[in-house]
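# Descriptive structure summary
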Amino acid sequence: DEILRSLAGPPSPPAPAPPGWRVPVDCVRANELCAGEPGCSSRYRTLRQCLAGRDRNTMLANKECQAALEVLQESALYHCRCKRGMKKELQCLQIYWSIHLGLTEGEEFYEASPYEPVTSRLSDIFRLASIFSGMDPATTSKSNHCLDAAKACNLNDNCKRLRSGYISTCSRELSATEPCSRRKCHKALRQFFDRVPSEFTFRLLFCSCKDPACAERRRQTIVPLCSYEDKDKPNCLDLRGACRTDHLCRSRLADFHTNCQATFQSLTSCPGDNFQACLGSYAGLIGFDITPNYVDASTTSITISPWCSCKGSGNMEEECEKFLRDFTENPCLRNAIQAFGNGTDVNVAPKNPNPAVTVLPKAEKSPALPDDVNDSNTAYDTSVISTCTSLQEQGLKPNKSKEQSLCYSEAQLTTDVMPDQKTFMDPKGGSSRRRESRILLLIPILIPALGL
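Residues numbered from 1 in each chain as written. Predicted model: local features only at pLDDT ≥ 70, side-chain atom pairs only at ≥ 80, totals over all residues. Heavy atoms only, no water.

For the protein, the name recorded in an unreviewed UniProt entry is GDNF family receptor alpha-2, with Poecile atricapillus as its organism. Checking UniProt for the protein, the heading Subcellular location (unreviewed entry) contains the comment "Cell membrane". Per UniProt, the protein has the following entry under Sequence similarities (unreviewed entry): "Belongs to the GDNFR family." (UniProt positions renumbered as here; feature names shortened; annotations may be inferred.)

## Some thoughts on the overall build of the protein
Counting its regular elements, the protein contains 21 helices and 4 strands. Within the protein, buried positions represent 44% of all 452 residues. Restricting to contacts in the protein with at least 6 residues of sequence separation, those with at least 24 account for 73%. In the structure as shown, the protein presents an accessible area of about 24,800 Å², 53% of it carried by carbon and sulfur atoms. (Helix = DSSP H or I, 4+ residues; strand = E, 2+ residues; numbered from the N terminus. Buried < 20%, exposed > 50% of the residue type's maximum accessible area, 1.4 Å probe, protein only. Contact = heavy atoms within 4.5 Å. Areas by Shrake-Rupley, 256 points an atom, 1.4 Å probe, with all protein chains shown as cover.)

## A word on a positive patch on the surface
Together, R161, R172, R183, K184, K187 and R195 line one region of the surface with positive charge. The leading source of residues in the positive patch is helix α11 (residues 182-195), at 4 residues. Inspection of the secondary structure assignment puts R195 in helix α11. (Patch = residues over 30% accessible without salt bridge, like charges linked within 9 Å, V, L, I, M, F, W, Y side chains within 5 Å. Salt bridge = Lys/Arg side-chain N within 4 Å of Asp/Glu carboxyl O. Lys, Arg positive; Asp, Glu negative; His and termini not counted. Charge placed at Lys NZ, Arg CZ, Asp CG, Glu CD.)

## Examining the side chain of S181
Tracing the backbone shows S181 in the loop between α10 (157-171) and α11. Take S181: its relative accessible area is 17%, and that puts it in the buried class.

## A short note on helix α3 (residues 38-51)
Here α3 is 14 residues long and its end C-alpha atoms lie 20 Å apart, about the 20 Å a rise of 1.5 Å per residue gives. Of the positions making up α3, those classed as buried are C40, S41, Y44, T46, L47, C50 and L51. At its buried positions, α3 is contacted by α2 (27-35), α4 (56-60), α5 (63-72) and α6 (89-103). (Expected span 1.5 Å × (residues − 1).)

## A short note on unusual backbone geometry
In this model, S269 sits at a positive phi of 75 degrees, which is unusual for a non-glycine residue. Relative to the elements of secondary structure, S269 occurs in the loop between α16 (247-260) and α17 (275-284). Look at S269 and you get buried, because its relative accessible area is 14%. Even without a glycine there, the phi angle at D273 is positive, about 55 degrees. Looking at the secondary structure, you find D273 in the loop between α16 and α17. Taking relative accessible area as the criterion, D273 reaches 31% and is therefore assigned partly exposed.

## Re the state of the cysteines
Evaluation of the coordinates by the stated rule reveals 14 disulfides. A sulfur-sulfur distance of 2.0 Å marks the disulfide that ties C146 to C207. The sign of the 95 degrees torsion about the S-S bond sets the C146-C207 disulfide as right-handed. Taken together, the residues span a long stretch of sequence, with C146 in helix α9 (residues 145-154) and C207 in the loop between α12 (198-206) and α13 (212-219) at a distance of 61 residues. The pair formed by C146 and C207 is uniform in burial state, with each residue classed as buried. What pairs with C209 in a disulfide is C214, and their sulfur atoms sit 2.1 Å apart. Taking the torsion about the S-S bond as the criterion, the C209 to C214 disulfide, at about -65 degrees, is left-handed. When sorted by exposure, C209 lands in the same class as C214, which is buried. (Disulfide = S-S within 2.5 Å.)

## Here's the deal with the pattern of salt bridges
Within this structure, the stated rule accounts for 10 salt bridges. A salt bridge links R250 to E111; the shortest N-O distance between them is 2.7 Å. On the criterion of sequence distance, the pair formed by R250 in helix α16 and E111 in the loop between α6 and α7 (123-133) is long-range, its members being 139 residues apart. Among the residues examined, R250 registers a relative accessible area of 6% and is labelled buried. By relative accessible area, E111 is classed as buried at 9%.

## Considering the environment of C50
Within the secondary structure, C50 sits in helix α3. Overall, the relative accessible area of 5% leaves C50 in the buried class. For the pair formed by C50 and Q66, sequence separation is 16 residues and the distance between their alpha carbons is 9.3 Å. For C50, the contacting residues outside a window of four places in its chain are M59 and C65.

## With respect to the packing of helix α15 (residues 236-243) against helix α18 (residues 317-328)
Where α15 contacts α18, the two axes come as close as 9 Å, and the packing angle between them is 70 degrees. When the interaxial angle is binned, α15 and α18 end up roughly perpendicular. On α18, the residues that touch C236, L237 and R240 of α15 are E319, C320, F323 and L324. Here the contact of α15 with α18 is built from residues that sort into 5 nonpolar, no polar and 2 charged. (Axes fitted to C-alpha atoms, helices over the stretch in contact; angles between N-to-C directions. Parallel < 35°, antiparallel > 145°, perpendicular 65-115°, else oblique. Nonpolar A, V, L, I, M, F, W, Y, C, P; charged D, E, K, R; others polar.)

Listed below in structure tokens is the structure:
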């Protein structure tokens, strides 16, 4: 409990902002500032009238419209952004899109995010990973990280209350034909992910798994029967189109594309190598019809997708497939999830790992997994992986076998690991140790001979 409560500890300082980046004014405040200036206020009204026309290019070619745009481009209103989860988030986003949506045709494949850039990293959340990795490997190797995440949430009043709230709402059957209220379920999920710190939500969504029962718990995090699955899969472009008619959903989707769009200009395939920004924007999509989720309980690969397909796309099939691949074949998103699950964003002090013991899996009867039951079917977990990574980074040699890869330095080889090795040979002091062992063996012979 003490370790899990450490989640509530003070966060580390945020990462420095990117070069040349300035803190933007939120759009609600920018609108208030503009309303207080007669010049800005009148030009804003003019521009909105210009953008209301069907032929935007013709309207913006008007000299009065051009003058209004030139003035506003120098104002805080034009450069304003919003904060996710802010008190007046929807109002802020409506102001943002009233300008930016009108200046474009709104048909771009990718749209810029209306949210402030995320400058923080995963180090705050990985504080707990480093604590757990420092525990006895015999304990951590048997732990279920998804179950640990649920227990950690239950130790925080806010997380426990909001999690219980959405599980109850999303599991409440309305009738034989309606398993739940999808609208209410989505609203409860949005509240949970907006109001609970990512130290808790990320661990529930992206916990690492080495067995199907654990992976199924992870897949069930958002109660997919209500929030995710449906009788029929809609076309992905129809789903995207419906999302773009809602300012909030449109903003979250634009934020996802901004922060998770795969790039070859970084080592991690993520823009700015910022895993935190990608995972946060992914979580921001949960609670809408475009909600993404794990497609299965596979432990060998991570596949994420909204509940949609490209059937019936006609001549738009290529664009539809491209949109779907941003989820299903996105190296940035996959790397971010795996990095969080493996704790690879922090330097973990290695401890001597114990050999993994694989237990035969037990039958899984129900996907509903209570928080007080450890559904992990294997003792092999990411504590071994992260320790191996740390050992390798320090230049120590791993010992690999066909079935598993456990890391041992030469100083960690004992008779338990190698039964045929009766004595440990230190290359620097091997001869002195051999002499000592020979002297000890001669003592029982010398004592009677000397008459002692």
